[in-house]
Amino acid sequence: MAAYLSASSYLGFVAEVTPGTTPGTGTVFYLPVSTPQVTPNQTFLRDEAFRGSPVMLYDMVQGNRHDEYDHKSYCYADTFPVFVKGLLGGTDTVTATTASYSHAIPLLNTPATGSQPPTYSICDFDGANWFTLPGAQASDLTLTFGAEVAAEAQMKWITNSYVSATSAPAPFTTLSESAEHLIPGWDTSITISGGSPLTYISSGELKIDRKTTPIFTMGNQTSFSNFAGPIDVTGKFTAVVNSNADIWSTPSSTGFALVNAVKALVIKLTDPNDLHTAINDSISFTMTAAQFYNPKRTRTKTYTEIEVEFSGTADTTDATTGYSPIKATIVNGIATPF
């Protein structure tokens, strides 16, 4: 029997109406994926009760189980909103300029429902079998970008136990791939407090963390809920030191990494190839109250660099209700909300 080709792998998402139940129909988003990993987390209860012998372990009985799904993906403006919707959860407000549609997705803040983002069913085909993972709740997203590489997203999802099949299950029966180009990291603009884009940033990272965890209750081996916690937003930049001004450190005119001084930070990744009318597709994140800290100079290269970290602090500007540290806006050619 021949081996199976991993290059045949693909990844699909469909929003669930009832958390934990894969719908038979619905809009399926197929995302180009790299390094996908399905991980069943089956715990075992160890029977180490004494039985008159010099033995430690007598039995292992199944405990609770939840599964996890990890993957990397390049950034495509037509599918990236699925990641953002899964993390932030707010209503996608669509505005249009002819064929270019702007999707503004805020943080969901509805205490009556636990402020929980939507759940998805994930379908992962590994070249041999189809694995459906229902009840998928986004756990965290790490976005990396650099002048010499493609922008890339690393995602983690907490899910219910997978179901395997030897043929594509509904609604994942018709594969439809993204037609857009990936976003190169060099076409990223970083602005602080509405100023001109910084021209000396060489690489960066943004992490949105929901600290999602399964909740287990009596009567069922799988989780009662895959629960998203409060949002935490952090990141870092690496910059070329191109001036003897002590950037990001006091007492220079740009110094704000050693004092309490929140700044409006915008990270915008623009696709130079996908063009709808006169507007390029893009993915942007706004943190109206970002605090910079830990400026650290490094001299491991032939030129001097400086690294700085930041955290998005809560503000009312980035929120629909209450507070939020971040909001996302994606421009693409899709007219319907995600």
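Every value quoted in this text rests on a predicted model; they were computed, and no experiment measured them. (Residues numbered from 1 in each chain as written. Predicted model: local features only at pLDDT ≥ 70, side-chain atom pairs only at ≥ 80, totals over all residues. Heavy atoms only, no water.)

1. Here we look at a nonpolar patch on the surface
There is a patch of nonpolar side chains on the surface, built from F44, M56, L57 and M60 and spanning about 380 Å² of accessible area. Structurally, the position occupied by F44 is in strand β3 (residues 34–47). By relative accessible area, F44 is classed as partly exposed at 41%. (Patch = residues over 30% accessible without salt bridge, like charges linked within 9 Å, V, L, I, M, F, W, Y side chains within 5 Å. Areas by Shrake-Rupley, 256 points an atom, 1.4 Å probe, with all protein chains shown as cover. Salt bridge = Lys/Arg side-chain N within 4 Å of Asp/Glu carboxyl O. Helix = DSSP H or I, 4+ residues; strand = E, 2+ residues; numbered from the N terminus. Buried < 20%, exposed > 50% of the residue type's maximum accessible area, 1.4 Å probe, protein only.)

2. Focus: helix α1 (residues 80–88)
Among the nine residues of α1, nine are classified as buried, and the element is accordingly described as predominantly covered. For α1, the complete set of buried residues consists of F80, P81, V82, F83, V84, K85, G86, L87 and L88. Of the residues one or two after α1, G89 is the one with positive phi, at around 85°.

3. So, the nonpolar core
The biggest cluster of nonpolar side chains holds 58 residues, and the ones touching the most others in it are W157, F237, L265, F285 and F292. Considering every element that reaches this core, the biggest residue donor is strand β8 (residues 130–146), with seven residues. Ranked by size, the runner-up nonpolar core spans eight residues in total, among them Y10, V14, C123 and F125. (Core = buried A, V, L, I, M, F, W, Y, C linked by side-chain atoms within 4.5 Å.)

4. Some thoughts on unusual backbone geometry
In this structure, P171 follows A170 across a cis peptide bond, with omega equal to 5°. Residue position: P171 is located in the loop between β10 (163–165) and β11 (188–192). Of note in the backbone geometry, S115 takes a positive phi value of approximately 50° without being a glycine. Within the element layout of this structure, S115 appears in the loop between β6 (100–105) and β7 (120–125).

5. Quick word on the side chain of Q137
Residue placement: Q137 occurs in strand β8. For Q137, a relative accessible area of 1% gives the class buried. Those residues within four positions of Q137 in sequence are excluded, and the remaining contacts are G86, Q116, P117, P118, T119, K156, W157, I158, T212, N226 and A228. (Contact = heavy atoms within 4.5 Å.)

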